[in-house]
Every structure is written in structure tokens, then in C-alpha cells.
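Secondary and tertiary structure notes
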Amino acid sequence: GWLRGREPGFTLDLASGAWVTERTDGGGMRNEYRDLRSNVRLFVRGTANALLLRVPDVDAEGREALLANLQYALCRGIQQCFQVEEDELASERIGDGEQRSILLWEATEGGLGVLHRLAEEPDALAQVARTALDILHFDPETGEDRRPPEDEEKGCARACYDCLLSYYNQRDHFLLDRRLVRDFLMALMRSCTRTGSETRDYEAHYRYLRSLTDTRSELEREFLDLIYHSSRRLPDAAQKQLQDVFCQPDFFYEPNVCVFCDGSVHDEPQQRQRDEALRRELRDRGYRVIAIRYDRSLEEQIEAHGDVFG
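We now turn to the structure provided with this report. Small disclaimer: the values here were computed from a predicted structure and weren't measured.

It is worth spelling out helix H6 (residues 202-212) at this point. Within the sequence span of H6, burial applies to His205, Tyr206 and Leu209. The buried side chains of H6 occupy one side of the element, clustering within an arc of 105° when seen end-on. On its buried face, H6 sits against helix H7 (218-229) and strand E7 (237-238).

The structure is reproduced here in C-alpha cells:
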């Protein structure tokens, strides 16, 4: 409701779309409104990419300082690598003890796609680490300090506003020391990013998904085969029963993408009407719905949703 309002929620005139404040209501203007509804509550829902980074085998005593420096070093590297503004990428440290981790997320409406690239592209994170080393005044090739503390004019003892310090991380300034993450970033710069499943590799996961496809739907297998043979991102599940909607999409991508393979039977009027009602309910509950049609090019349909399929 209004910050200084006495009643919860808002009052809305459905006829005109006007929000009725206590001032206009108390001023004798209430009769001008025809269809008032009180206690109207507002909410928003957003979807954004997020990346959770865990660093194993870190000494408990120095964990917080290492994570703080790594958090801001990677953020600066991402910002420069992908030309992202500082307020477009948010981060914080979450969890306790050995579960203490760095959470990055895209803070802009609709997302940026940057974190998705870090997870999918083999060398993206290595490029970010290399850029971060350069920002922290280290030579990426040798690790040599380009601005040693003993340089009275250009030296950087622990951190400066050219490397780690910023307006947004003032509370962590006492933890920041660029030298703590030099070796870690040097190793990360030479790394290769791979994606996989905790229980099955890519090949085994493909076979597993194919075994779950509907035996009556050749389109499902054609879709899955094309995803596999073009080395795209395989679905996380097949024939998954959703918990909040009575629905079982053909394929499912975490966290909220439902893929339906529509054969010719879905052209029948009654089936089309049921599909529209069900998929409208899915969208209302925050799911993303992708329909793969039998009468269109599979490759073109998959390419149209590259942010999901890769």
C-alpha cells in the first residue's frame, strides 16, 4: 500500500484505471469513480541468469578474504570483457563455513546473457581471469606486479580505485588485497570450462532421455537427435510431471522451460484449444513455453531459441 496510508493495499477504479489516493478520496472526489476495488496488491516477477561459484580446499581462516577479492576481481573482469556496466551485474557472498560461495546474477531487466556464456563457452571464464589479472596490475603472462607498493607515484599496496575498490563494495574495503588472488587467477586463466551432469556424461544423458520419449512421437526423437548431433544443450528431463500444474511437457530445461513437440494431432481444433489453455496457465505461473512444430524446419526452430538450446 501507500507508504503513509492507513489501509493495506491500493484502491483502483477499474473503469478509468485511476489509482485513488486518500487525498483524492477525502477531497470529495470519490463519486467520480464508478468501479472501485480496494485492497489491490501489486507484485512483480523476474527471471535472471545466476552463477554460483564455489572454491574448494580453502583455508578456513583466509576463506572470507579470498572470496571477497575473487568476487570483485571476477566482476571487474566480466564488466570489461563483456562491456557490462557496474550496476548491471550484482554479486554477494552467501552460505556458511565450507559452503561459503560467491553468487553472481544479472541485475538488468531481461538479463544480459553474460553468465550463460561463462558456463557454456570453454574459454570465457579463462578470458575473464586474464582480464582481471590485468586490471589488478599483474602481467597475465608472468604474474609480475606492474604497480608494486614501493613505487611512490603509481604503487598499489593492497587495492585502489583502479582495480578492486569501488563505491559499491565499501563495506569490504578492509578485506581487499589484490595479491591474495593472483595465483588463483593465474590458474583460472589456463583453465577450460566444461558442463555436465553429476550422474551422467553427455552421451549417457542423451541415451537416458531418448529412452523416455513417447514411442508414438517420432518428432520427439528427431528433435532430441538434432540437439545431440549438433552438440547443443540437452534437456534436463523428459516427460517431467510438473508439481504446480497438471502437465507433463515432452522435455524440460531447468529452471522453467517447457518444450512441447507438436505433431499433426495438435492441429485438430479440440486439441489445439486444450493446448492453448494449458500453455496459457503455464505462462501465468512463470514457465516459458516452447512449441516445436512438425511442419517447420527443426533447425530453424532450435536456432530461434539459442538462449535455451545453445
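Moving on from the coordinates now.
Here we take up the sheet that holds E7. Overall, mixed pairing links the 4 strands, which are arranged E7-E8-E9-E10 in an open sheet. With one partner strand each, in any of the chains shown, E7 and strand E10 (288-293) form the two edges of the open sheet. Strand direction decides the pairing type here: strand E9 (residues 257-262) and E10, joined by 6 bridges, are parallel. Following the sheet pairing, Cys261 is matched in E10 by Ile292.

A separate point is the environment of Asp177. Mapped onto the fold, Asp177 is located in the loop between helix H4 (124-135) and helix H5 (182-189). A relative accessible area of 9% means that Asp177 is categorised as buried. For Asp177, the contacting residues outside a window of four places in its chain are Asn69, Ala157, Arg158 and Leu164.

The strand order E2-E1-E3 describes an open sheet built from 3 strands, whose pairing is antiparallel. Edge positions in the sheet fall to strand E2 (18-20) and strand E3 (36-40), since each of these pairs with one other strand and no more. Strand-to-strand twist of the sheet, defined as the mean angle between neighbouring strand axes without regard to direction, takes the value 35°. Looking at chain direction, strand E1 (residues 10-13) and E3 are connected through 3 bridges and run antiparallel. Opposite Asp13, over in E3, you have Leu36 as the bridge partner.

What follows deals with the side chain of Arg93. Positionally, Arg93 belongs in strand E5 (residues 89-94). Look at Arg93 and you get buried, because its relative accessible area is 14%. A polar contact of 2.7 Å, which involves the side chain of Arg93, links it to the side chain of Gln71. Among the polar contacts listed, one links the side chain of Arg93 to the side chain of Asp172, at a separation of 3.1 Å. Setting aside anything within four residues of it in sequence, one finds Arg93 in contact with Glu64, Leu67, Ala68, Gln71, Tyr72, Arg100, Ser101, Asp172 and Leu175.

Another aspect to go through is the packing of helix H2 (residues 63-81) against H4. At a closest axis distance of 8 Å, the pairing of H2 and H4 adopts a crossing angle of 105°. By the criterion of interaxial angle, the relationship of H2 to H4 is roughly perpendicular. Across the interface between the two elements, Ala73, Leu74, Arg76, Gly77, Ile78, Gln80 and Cys81 of H2 pack against Gln127, Val128, Thr131, Ala132 and Ile135 of H4. Grouping the amino acids of the contact of H2 with H4 by side-chain chemistry returns 7 nonpolar, 4 polar and 1 charged.

What follows deals with the packing of aromatic side chains. If you walk through the whole model with that rule in mind, you get 9 aromatic pairs. Taken together, a centroid distance of 5.8 Å and an interplanar angle of 20° make the contact between Tyr202 and Tyr228 stacked. Taken together, the positions of Tyr202 in helix H6 and Tyr228 in helix H7 put the pair 26 residues apart, joining distant regions of the chain. Arranged with centres 3.8 Å apart and planes meeting at 5°, the rings of Tyr206 and Tyr228 form a pair that is stacked. Separated by 22 residues along the polypeptide, Tyr206 in helix H6 and Tyr228 in helix H7 bring together distant segments of the chain. You'll find Tyr206 and Tyr228 in the same group, each marked buried. Joined through ring pairs, the aromatic side chains of Phe223, Phe251, Tyr253 and Phe309 make up one cluster. Here the guanidinium or amino end of Arg178 rests over the ring plane of Phe138, the centre of that ring lying 5.0 Å away. The lysine or arginine in question, Arg279, covers the ring of Phe260, its NZ or CZ lying 4.4 Å from the ring centre.

Criteria and thresholds
- Residues numbered from 1 in each chain as written.
- Predicted model: local features only at pLDDT ≥ 70, side-chain atom pairs only at ≥ 80, totals over all residues.
- Heavy atoms only, no water.
- Buried < 20%, exposed > 50% of the residue type's maximum accessible area, 1.4 Å probe, protein only.
- Helix = DSSP H or I, 4+ residues; strand = E, 2+ residues; numbered from the N terminus.
- Arc of directions from axis to C-beta.
- Contact = heavy atoms within 4.5 Å.
- Pairing = 2+ DSSP bridges.
- Axes fitted to C-alpha atoms, helices over the stretch in contact; angles between N-to-C directions.
- Polar contact = N/O pair within 3.5 Å; in protein donor to acceptor, adjacent residues only side chain to side chain.
- Parallel < 35°, antiparallel > 145°, perpendicular 65-115°, else oblique.
- Nonpolar A, V, L, I, M, F, W, Y, C, P; charged D, E, K, R; others polar.
- Phe/Tyr/Trp six-rings, centres within 6.5 Å; stacked < 30°, edge-to-face > 60°.
- Lys NZ or Arg CZ within 6 Å of the ring centre and 35° of its normal.

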